[in-house]
Amino acid sequence: MTPLLSTGGLAEVAAALPRALRAQGHDVRVAMPCYRQITTPHRGEHYCLCEADYGDRVVHGALRLATVPDTDMPLYLVEHEGYFGREAPYGTGAYEYNDNAERFCFFCLALFHAIPQTGWKPDIVHCNDWHTALIPAHLKTRYQGDSYWGDVASIFTIHNLAYQGRYDASSYGCTGLAPEFFHPDALEYEGDLNLMKGALVFADKLNTVSPRYAREIQTIEYGAGLHGILSARHGDLHGILNGVDYDVWNPATDSHIATNYDASDISGKRICKQALQKLFGLPAASVPLFGVVSRLHWQKGMDLLASALDDIMRRDLQLVVLGTGDPGIETQLRAAMARFPDKLGLYLGFDAPRAHTVQAGSDFLLMPSRYEPCGLGQLYAMAYGTVPLVRRTGGLADTVCGYSTLRQNGDEATGLSFVPLTNQALTRCMQDALTLYEKRDLLQQLRMNGMNQRYSWERSSREYETLYALAINRG
Ligand code: ADP
């Protein structure tokens, strides 16, 4: 949860959605592991002891009561030094901790014991990604007849289907579920334990973070092996786009950027571009500047970008990359920077203020994703008058209207898009961007179209409200 700890888009959802629901009058409380990265003022105080009951053994932890930053909304932190007092939340480098099944099953089971002790009872538990997947499974099995939990509904949100919490069958003991649920109709997948599958089977309602990704994941191509269960539950599977926190992502008020600007006068963008060039050690040339703010990962098409760099860098442009991730891609980018020091700027790391600088200073934002559940970068780009250049998939397809010379759709286009997953398609689309850059009026129109888009959390949270009501009424 931003600003406590962030590894990507989910952190922003976890911060924004509860606030938006709260603003609509709901009593929202958030639970997460008490990661070491959460600093002292945010850790609140010890509230109660709690335990995870696995049937054959019990593991002890504690619940801390804190508040969501800058609100009085309760934040429950599940404390267990051995599990969560580590260097990173999920693992280091490209490696996950090998006991992640145990860590996150503990988190879920501990909540079943801890939350009733707070004297508060939810109508619905909104679970996000595989780490929380055991909760819907327990609600429908072990806790079905429970006096506290028996009538609590659940929804499960898929932020990224590729991460399923799939482990060797020997990890099944961590779930605390009866042996009969290690079955292909429940948590078993090809002989392994698959935690996300448990949520897909047992949650009252399912959703993902864009309508198009909700459809895509029902196909073999995008279903990551779970398209069967997802299509079987298509009536319960919804797509709700993420929103933008415009208090944070607003070029008119952003304190991280060189100068503020808005749609009525975007001349400040030129100053932001110069500041970005300076920050990334590039000359102050007036050539098109492409930005990347992304995990450097196969999912994001960053391997494609890295392998197309020689071709791309021959052109009259600059590229800045802010990202971290796959060591192989990082190496390729470093090598390319050595070859093209005046054209390629690189920062390998996660740095939120820098992300604002890139969004404000770039002419185009590159997102050549293989798949994209929602994507936030393109939404921020549009807010900053930066034209997103995206692969037409998932949430990118739902939110970016690509300009087409054939259709001359300058009045509605907000970006550029391509479909084939090839270097050629990517570089062709970048060439279209270079052409667009020369057509100043059209470029200006696309920028304005983007800046006039509004992806508010208010709208998204209303859709969640409807979905919660369906889940609670088992509709
Ligand atoms: P995902 O959650 O799959 O990584 P999203 O597009 O949903 O992708 O969200 C990524 C978020 O993380 C965006 O807000 C983006 O600005 C931010 N981000 C990604 N990489 C970095 C980085 N290296 N430094 C700062 N912010 C980053």
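Residues numbered from 1 in each chain as written. Predicted model: local features only at pLDDT ≥ 70, side-chain atom pairs only at ≥ 80, totals over all residues. Heavy atoms only, no water.

Enquirer: Which residues make up helix H17 (residues 457–472), and what values go with them?
Expert: For H17, with 16 residues, the first-to-last C-alpha span of 22 Å sits near the 22 Å given by 1.5 Å per residue. Of all the residues in H17, the buried ones are Trp457, Ser460, Ser461, Tyr464, Leu467, Tyr468 and Ala471. Across the axial projection of H17, the buried residues extend over an arc of 115 degrees, all falling on one side. Residues of H17 that are buried make contact with helix H1 (9–23), strand E5 (124–128), strand E6 (153–158), strand E10 (205–208) and strand E11 (237–239). Once H17 ends, the next one or two residues include Arg474, with phi positive near 50 degrees. (Helix = DSSP H or I, 4+ residues; strand = E, 2+ residues; numbered from the N terminus. Expected span 1.5 Å × (residues − 1). Buried < 20%, exposed > 50% of the residue type's maximum accessible area, 1.4 Å probe, protein only. Arc of directions from axis to C-beta. Contact = heavy atoms within 4.5 Å.)

Enquirer: Kindly report on the sheet that holds strand E16 (residues 387–391), identifying the contributing residues and their values.
Expert: Sheets are built from strands that pair by backbone hydrogen bonding, the pairs being arranged parallel or antiparallel. A sheet is described by the order of its strands in space; here six strands give the open sequence E14-E13-E12-E15-E16-E17, paired in parallel fashion. With partners counted over all chains shown, the strands left at the sheet margins are strand E14 (344–348) and strand E17 (416–418), one partner each. On average, each strand axis in the sheet is tilted by 15 degrees relative to the strand beside it, whichever way the strands run. Judged from the three bridges that link them, E16 and E17 form a sheet pairing that is parallel. The residue bridging Arg391 from the neighbouring strand is Phe418, located in E17. (Pairing = 2+ DSSP bridges. Axes fitted to C-alpha atoms, helices over the stretch in contact; angles between N-to-C directions.)

Enquirer: Give a detailed account of unusual backbone geometry, specifying residues and quantitative values.
Expert: Across the junction of Thr2 and Pro3, the peptide omega takes the value 0 degrees, indicating a cis bond. In this structure, Pro3 sits in the segment before H1. For Glu190, which is not a glycine, the phi torsion comes out positive at approximately 45 degrees. Along the chain, Glu190 falls in the loop between strand E8 (188–189) and strand E9 (192–194).

Enquirer: So what's going on with the site of the ligand? Residues and values would help.
Expert: Not every one of the 18 residues close to the ligand is listed here, only the nearest: Gly9, Glu12, Arg295, Gly349 and Asp351. The contact in question runs from an oxygen atom of the ligand to an N or O atom on the side chain of Arg295, over 2.7 Å. Between the ligand and Leu376, the relevant distance is 2.9 Å, taken from an oxygen atom to a main-chain nitrogen or oxygen of the residue. For the ligand, whose unbound accessible area comes to 560 Å², protein coverage reaches 90%. Where the shell around the ligand is concerned, the elements lending two or more residues are H1, strand E12 (289–296), strand E13 (318–325), helix H12 (352–361) and helix H13 (377–383). At three residues, E12 tops the list of elements feeding residues into the shell around the ligand. (Near = heavy atom within 4 Å. Polar contact = N/O pair within 3.5 Å; in protein donor to acceptor, adjacent residues only side chain to side chain. Areas by Shrake-Rupley, 256 points an atom, 1.4 Å probe, with all protein chains shown as cover.)

Enquirer: Can you explain the pairing of E13? Please cite residues and give values.
Expert: Within E13, six of the eight residues are buried, which leaves it mostly tucked inside the rest of the structure. Here E12 runs beside E13; their pairing, made up of eight bridges, is parallel. Each bridged residue has a counterpart across the sheet, and for Gly291 the counterpart in E13 is Val320. Strand direction decides the pairing type here: E13 and E14, joined by five bridges, are parallel. Looking at E14, one finds that Val321 is bridged to Leu346. Handedness of the E13-helix H11 (residues 327–339)-E14 crossover: right-handed. (Right-handed = clockwise from strand over helix to strand, strands pointing away.)

Enquirer: Help me get a handle on the packing of aromatic side chains, residues and values and all.
Expert: Aromatic ring pairs: the centre-centre distance and the angle between the two ring planes describe each pair. In the structure shown here, the tally under the stated rule is 18 aromatic pairs. Look at Tyr90 and Phe104: their rings are 6.1 Å apart centre to centre, the planes differ by 50 degrees, and that puts the pair in the tilted class. Within this pair, whereas Tyr90 is found in the loop between helix H2 (81–84) and helix H3 (100–114), its partner Phe104 is found in helix H3, the two being separated by 14 residues in sequence. Chaining the aromatic ring pairs together yields one cluster made of Tyr35, Tyr83, Phe84, Tyr90, Phe104, Phe106, Trp130 and Tyr167. The cationic tip of Arg57 hangs over the ring face of Tyr54; the distance from NZ or CZ to the ring centre is 4.1 Å. Positioned above the aromatic ring of Tyr437 is the side chain of Arg440, whose terminal nitrogen or guanidinium carbon lies 4.6 Å from the ring centre. (Phe/Tyr/Trp six-rings, centres within 6.5 Å; stacked < 30°, edge-to-face > 60°. Lys NZ or Arg CZ within 6 Å of the ring centre and 35° of its normal.)

Enquirer: Residues and numbers for the sheet that holds strand E7 (residues 166–167), please.
Expert: Ordered by their spatial adjacency, three strands build an open sheet running E7-E9-E8, and the pairing between neighbours is antiparallel. The two strands at the open ends of the sheet, each matched to only one other strand, are E7 and E8. Bridge count between E8 and E9: two bridges; the pairing is antiparallel. Residue pairing across strands places Glu188 opposite Leu193, the latter belonging to E9. Across the sheet, helix H5 (residues 195–202) lies against E7, E8 and E9, angled at about 55 degrees from E9, the strand it touches most.

Enquirer: Give a detailed account of the packing of H1 against H17, specifying residues and quantitative values.
Expert: Packing of H1 against H17 leaves a shortest axis separation of 9 Å and a crossing angle of 75 degrees. As summarised for this structure, H1 and H17 are arranged roughly perpendicular, according to the angle between their axes. Along its contact with H1, which presents Val13, Ala16, Leu17, Ala20 and Leu21, the element H17 presents Trp457, Ser461, Tyr464 and Tyr468. Counted by class, the contact of H1 with H17 contains eight nonpolar, one polar and no charged residues. (Parallel < 35°, antiparallel > 145°, perpendicular 65-115°, else oblique. Nonpolar A, V, L, I, M, F, W, Y, C, P; charged D, E, K, R; others polar.)

Enquirer: With reference to specific residues and values, describe the domain arrangement of the protein chain.
Expert: Taken domain by domain, the protein chain holds domain 1 (9–243 + 458–472) and domain 2 (268–451). Taken together, the 17 residues of domain 1 in the interface contact 20 residues of domain 2. Surface buried jointly by domain 1 and domain 2 totals about 1300 Å² across both partners, of which 54% is contributed by carbon and sulfur atoms. Summed over the shared surface of domain 1 and domain 2, the number is zero salt bridges. The tally of links between domain 1 and domain 2 comes to 11 residue pairs in polar contact (both at pLDDT 80 or more). Elements with a minimum of two residues in the side of domain 1 that touches domain 2: H1 and helix H6 (211–216). (Domains from an automatic or database assignment. Buried area = accessible area lost by both parts, 1.4 Å probe. Salt bridge = Lys/Arg side-chain N within 4 Å of Asp/Glu carboxyl O.)

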